[in-house]
Amino acid sequence: MTDTDKTCGSCVNCEKYTRCNGESWWVCENYVKSVGWPVIITPPGDTACENWSNDPTDKDKPQDALRYFVDHYWDEEAAND
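Now for a description of the structure that goes with this document. (Residues numbered from 1 in each chain as written. Predicted model: local features only at pLDDT ≥ 70, side-chain atom pairs only at ≥ 80, totals over all residues. Heavy atoms only, no water.)

## Structural notes on the side chain of Ser 53
Here Ser 53 is to be found in the loop between β3 (39-40) and α1 (61-80). If near-sequence neighbours (up to four positions away) are discounted, Ser 53 is found in contact with Ser 10, Cys 11, Val 12 and Asp 58. (Helix = DSSP H or I, 4+ residues; strand = E, 2+ residues; numbered from the N terminus. Contact = heavy atoms within 4.5 Å.)

## Side note on the pattern of salt bridges
Summed over the entire model, instances satisfying the criterion amount to 4 salt bridges. The salt bridge partner of Lys 59 is Glu 15, with a shortest N-O separation of 2.4 Å. Of this pair, Lys 59 sits in the loop between β3 and α1 while Glu 15 is found in strand β1 (residues 15-18), placing the two residues 44 residues apart along the sequence. By relative accessible area, which is 32% here, Lys 59 ends up partly exposed. When its relative accessible area of 29% is taken as the criterion, Glu 15 is described as partly exposed. A salt bridge links Lys 61 to Asp 58, with the shortest nitrogen-to-oxygen separation between them at 2.9 Å. Under the relative-accessibility criterion, Lys 61 is labelled partly exposed at 47%. (Salt bridge = Lys/Arg side-chain N within 4 Å of Asp/Glu carboxyl O. Buried < 20%, exposed > 50% of the residue type's maximum accessible area, 1.4 Å probe, protein only.)

## Brief notes about the sheet that holds β3
Spatially, 3 strands are ordered β1-β2-β3 in an open sheet, and the strand pairing comes out antiparallel. Here the strands that pair on one side only, and so sit at the sheet edges, are β1 and β3. Strand direction decides the pairing type here: strand β2 (residues 24-28) and β3, joined by 2 bridges, are antiparallel. Bridged to Val 27 within β3 is Ile 40. (Pairing = 2+ DSSP bridges.)

## Focus on the nonpolar core
Counting residues in hydrophobic clusters, the biggest one holds 6 residues: Cys 8, Cys 14, Trp 26, Cys 28, Val 39 and Ile 41. With sequence-adjacent residues up to four places away left out, Trp 26 is seen in contact with Cys 8, Gly 9, Cys 14, Glu 15, Lys 16, Val 39, Ile 40, Ile 41, Thr 42, Pro 43 and Asp 46. (Core = buried A, V, L, I, M, F, W, Y, C linked by side-chain atoms within 4.5 Å.)

## Structural notes on the environment of Lys 33
Along the chain, the position of Lys 33 falls in the loop between β2 and β3. For Lys 33, a relative accessible area of 80% puts it in the exposed group. In sequence terms Lys 33 and Cys 49 are 16 residues apart; their C-alpha atoms lie 9.5 Å from each other.

Following this line, the structure appears as structure tokens:
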């Protein structure tokens, strides 16, 4: 696979939505520098970021890491005291 084959559309983290009226858009919560905030990546804004993956086991990996950090931050701070 070449870098030109890497687009948001071929990434496991890209969520595609279609309204009843046929309008569609793509969203990603794992887009680099915006992890945790949904980013509209509908073409032509579909350049792959460094979180791109076509491996299903990588789905939401950056977002899950952020959630784990937020959920367990104080647990780890208390353990370090």
